[in-house]
Amino acid sequence: MTGRATLSYERYLPWRRVAEVGFWVAMTGANCIANSITTLMELRRGESSIQAWEPAVWETSSAVMWLLVVLPAMAWFTRRYPFQWSDWRRQLARYAIASVLVCLVHVVGMVLLRMAVYRTQGMSYEFGPWPRELLYEYLKDIRSFAYIVLTMEAYRLLLRRHWVCTCMGWQG
């Protein structure tokens, strides 16, 4: 790699954590805002009595759980147990169990947050029948889990490749 490329990589390193956190905050924030708006639009189309702040609370409670609890845990998990194709059956089982735990932590946390916010409004939050709602949430969370794992692993691969190329003086 050229001296200029080495210099860019070295300049990135002190900002790496800021860039990583910023990426997840931006992605989660954009998703939270878009989901809040589309949920409210859908509810208004059906002439629902749901107040405008409620979809924002639903989406924000989910986003808070992803940002403060689930994403850091997934970063640790994928560093501790990086997915390797050579042992994919065992890896798949480990990751399937992790996806269920992620969903449980995410759902329980967001329901508790919602209950707290609703209580401040003199209301109560009803999640619905837990088995049905957990299945519904798992069908969404498993996709998020997979996309996040793929994003984290692709980013780490990019960093490793850049680091190796920088150390070896390659230009590819």
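Coordinates for the structure precede this section.
One structure accompanies this document, and this report is about it. Only a predicted model underlies this, so the values are computations on that prediction, with no experimental measurement involved.

Thresholds applied
Residues numbered from 1 in each chain as written. Predicted model: local features only at pLDDT ≥ 70, side-chain atom pairs only at ≥ 80, totals over all residues. Heavy atoms only, no water. Core = buried A, V, L, I, M, F, W, Y, C linked by side-chain atoms within 4.5 Å. Buried < 20%, exposed > 50% of the residue type's maximum accessible area, 1.4 Å probe, protein only. Helix = DSSP H or I, 4+ residues; strand = E, 2+ residues; numbered from the N terminus. Expected span 1.5 Å × (residues − 1). Lys, Arg positive; Asp, Glu negative; His and termini not counted. Salt bridge = Lys/Arg side-chain N within 4 Å of Asp/Glu carboxyl O. Contact = heavy atoms within 4.5 Å.

1. Looking at the nonpolar core
Here is step 1: Counting 14 residues, the largest nonpolar core has Trp-66, Met-74, Val-102, Phe-145, Ile-148 and Met-152 as its most contacted members.
Here is step 2: Looking at this core, the elements with two or more residues in it are helix H3 (53-80), helix H4 (88-120) and helix H5 (130-168).
Here is step 3: If you look at the next biggest cluster of nonpolar residues, it comprises 10 residues, including Val-107, Met-110, Val-111 and Tyr-118.

2. Observations regarding unusual backbone geometry
Here is step 1: For Glu-47, which is not glycine, the phi torsion reads 55 degrees and is therefore positive.
Here is step 2: Considering the arrangement of structural elements, one finds Glu-47 in the loop between helix H2 (16-45) and H3.

3. Some thoughts on H4
Here is step 1: With 33 residues, H4 ought to run about 48 Å at 1.5 Å a step, and its terminal C-alpha atoms sit 47 Å apart, in line with that.
Here is step 2: Two residues or fewer past H4, Gly-122 is found with a positive phi of approximately 70 degrees.

4. What to know about the side chain of Asp-141
Here is step 1: Relative to the helices and strands, Asp-141 resides in helix H5.
Here is step 2: Summary of buried charges: Asp-141 has no salt-bridge partner, and the nearest side chain of opposite charge, Lys-140, is 6.3 Å away.
Here is step 3: In contact with Asp-141, not counting residues within four places along its chain, are Trp-66, Cys-103, His-106 and Val-107.

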